[in-house]
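Here are the chains, one letter per residue:
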Amino acid sequence: MAERGVLFDFSGTLFHIEPPADAVRIALGDELLHLVPELVRRGALNGSARPPDVPPELSDAWDDRDLSADAHRAAYAGAGQLAGLTAEQATRLYDRGVAADAWLAYPDTVRTLRELRARQIPVAVVSNIGWDPRPVLDRHGVAEHIDVLVLSDERGVVKPDPTIFAMACAELGVSPRHCVMIGDNPDNDGGCVTLGIEFRLVDEDPARRPPDALWVAAGLAGACPRRRLTADG
């Protein structure tokens, strides 16, 4: 058994999506920037939480958005139309939201994953997601540093269900009590504690988040470079 494993959330933890105004400008042009507040309110940007006023015809799509690519597209593109976009415009905005170059790494994402790999500490990404993030990982050069992807739409289970965390630990070959889960959502990511996995919270907001938040959360602060961590390290 490995001495330790690290589980990461994807959105709001390792990567964050570009600002809404940038997404609208790139996908639709400057002439629709006035719709940004309503698009945000309606949850039309990829990664947005379910808004409080989802109409009945989109309720199922929102419920299933992290279990099905079709539901994910229907939920977010449907929200775009509610905010005033045409169907074609909503599709273009959705496509921008799942484009690899729309997703930005936090300051220490790449170096943290590289250092964990150098120390031979196994890593998994455990994400509630309805689209394929592999192109994002490839674009930032970190795919080779991640051992296991446990994605809700591929596994048929969403956080905080402990099953999804158990899958990650089993596939890493690490006991849950020797793993940590790093994420930005205490409700979803914190579901790991049911299995005895320690949860460590990071702030999703790039403006508030310290530039070494992941490095610290992964237990790398103060340790000698390229020295393997113990279960207590």
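In this report, we go over the structure that sits alongside the text. (Residues numbered from 1 in each chain as written. Predicted model: local features only at pLDDT ≥ 70, side-chain atom pairs only at ≥ 80, totals over all residues. Heavy atoms only, no water.)

### With respect to the packing of aromatic side chains
Rules: Here a Phe, Tyr or Trp ring, Trp counted by its six-membered ring, pairs with any other such ring whose centre lies within 6.5 Å, and the pair is stacked when the planes are under 30 degrees apart, edge-to-face when over 60, and tilted otherwise. Strands here mean DSSP runs of E at least two residues long; helices mean DSSP runs of H or I at least four residues long; both are numbered from the N terminus. For the exposure calls, accessible area comes from a 1.4 Å probe over protein chains only, and a residue counts as buried if that area is under 20% of its type's maximum, exposed if over 50%, partly exposed in between.
What the rule picks out here adds up to 5 aromatic pairs. Consider the rings of Phe 10 and Phe 15, whose centres lie 5.3 Å apart with planes at 35°: the pair is tilted. For the pair Phe 10 and Trp 131, a centre-to-centre distance of 5.9 Å together with 80° between the ring planes defines the contact as edge-to-face. Of the two residues, Phe 10 is situated in the loop between strand S1 (5-8) and strand S2 (15-17) and Trp 131 in the loop between strand S4 (123-127) and helix H7 (134-139); the sequence distance between them amounts to 121 residues. The same class applies to Phe 10 and to Trp 131, which are both buried.

### Things to note about the environment of Asp 138
Along the chain, the position of Asp 138 falls in helix H7. C-alpha separation for the pair Asp 138 and Ala 100, spaced 38 residues apart in sequence, amounts to 8.6 Å.

### What to know about the packing of helix H3 (residues 56-64) against helix H4 (residues 69-82)
To be explicit about the condition: Convention adopted: a line fitted to C-alpha atoms gives each axis, helices being fitted over their contacting stretch, and angles between N-to-C directions are expressed from 0 to 180 degrees. In what follows, roughly perpendicular refers to angles from 65 to 115 degrees, roughly parallel to angles under 35, roughly antiparallel to angles over 145, and oblique to any angle outside these ranges. Left-handed describes a crossing whose near helix is turned anticlockwise from the far helix by less than a right angle; the clockwise case is right-handed. We call two residues contacting when some pair of their heavy atoms lies within 4.5 Å. Only Asp, Glu, Lys and Arg are considered charged in this grouping, and only Ala, Val, Leu, Ile, Met, Phe, Trp, Tyr, Cys and Pro are considered nonpolar; every other residue, Gly among them, is considered polar.
Where H3 contacts H4, the two axes come as close as 7 Å, and the packing angle between them is 135°. Our classification of the angle between H3 and H4 gives oblique. As H3 runs across H4, the sense of the crossing is left-handed. Contacts between H3 and H4 involve Leu 58, Ala 61, Trp 62 and Asp 64 from the first element and Ala 71, Ala 74, Ala 75, Tyr 76, Gly 78, Ala 79 and Leu 82 from the second. Residues of the contact of H3 with H4, tallied by class, amount to 9 nonpolar, 1 polar and 1 charged.

### Re the pairing of strand S6 (residues 179-183)
Condition: For two strands to be treated as a pair, DSSP must find no fewer than two bridges joining them.
Burial within S6 is extensive, with 5 of its 5 residues counted as buried. A two-sided burial pattern is seen for S6, the buried positions comprising Cys 179, Met 181 and Gly 183 on one face and Val 180 and Ile 182 on the other. Of the pairings in the sheet, the one linking S1 to S6 comprises 4 bridges and is parallel in character. By the bridge assignment, Phe 8 is partnered in S6 with Ile 182.

### Section: the pattern of salt bridges
Quick note on the threshold: One side-chain nitrogen of Lys or Arg within 4 Å of one carboxyl oxygen of Asp or Glu is enough to make a salt bridge.
By the definition in use, this model includes 21 salt bridges. When the shortest N-O distance is used, the salt bridge between Asp 101 and Arg 96 registers 2.9 Å. Here Arg 134 and Glu 154 are joined by a salt bridge, their closest N and O atoms 2.9 Å apart. You can see Arg 134 sitting in helix H7 and its partner Glu 154 sitting in helix H8 (residues 152-155), a full 20 residues away along the chain. Beyond isolated ion pairs, a larger network of salt bridges with shared partners links Glu 38, Arg 41, Arg 42 and Asp 53.

### Side note on the sheet that holds strand S5 (residues 148-151)
Strand order in the open sheet made by the 5 strands is S5-S4-S1-S6-S7, with parallel pairing throughout. The open sheet has two free edges, formed respectively by S5 and strand S7 (198-201), since each of these has just one partner strand. Taken pair by pair, the neighbouring strands of this sheet meet at an average axis angle of 20°, ignoring direction. Pairing of S4 with S5 involves 4 bridges; the strand directions are parallel. The partner of Val 125 across the bridge, within S5, is Leu 149. This element, helix H6 (residues 109-118), spans S1 and S4 of the sheet and lies at about 155° to S1.

### Describing unusual backbone geometry
In this chain, Lys 159 is followed by Pro 160 through a cis amide linkage whose omega measures 15°. As for its placement among the helices and strands, Pro 160 is situated in the loop between H8 and helix H9 (162-172). Positive phi, close to 60°, is recorded for Gln 120, a residue that is not glycine. In this fold, Gln 120 is placed in the loop between H6 and S4.

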